[in-house]
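# Descriptive analysis of the structure
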Amino acid sequence: MTSTDGTEIAVTLTGQGRPLAISPGALNASQDWQLLADLLAPHFTTYAIDRRGRGDARDGQLRR
């Protein structure tokens, strides 16, 4: 997906069911949470979001 300032933010979708967002934290990427996403897959669609500059997300400049 693309943020309002044009930075590409990576999101990994796993499973099916009710939506559940996973925010990996400051020093992690979505791949670090894939085992949990796989375990939740029968019950939830997990959206693991890569923060700017982590995993597959771009490191765009924030507008001020």
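Read on for an overview of the structure. (Residues numbered from 1 in each chain as written. Predicted model: local features only at pLDDT ≥ 70, side-chain atom pairs only at ≥ 80, totals over all residues. Heavy atoms only, no water.)

## Looking at the sheet that holds strand S1 (residues 11–15)
Taken in spatial order, the 3 strands of this open sheet run S1-S3-S2, and their pairing is mixed. Every other strand in the sheet has two partners, leaving S1 and strand S2 (18–22) as the edge strands with one partner each. With direction set aside, neighbouring strand axes in the sheet form an average angle of 20°. The pairing of S1 with strand S3 (residues 44–49) spans 5 bridges and is antiparallel. Bridging across to S3, Thr-14 finds its partner in Thr-46. (Pairing = 2+ DSSP bridges. Helix = DSSP H or I, 4+ residues; strand = E, 2+ residues; numbered from the N terminus. Axes fitted to C-alpha atoms, helices over the stretch in contact; angles between N-to-C directions.)

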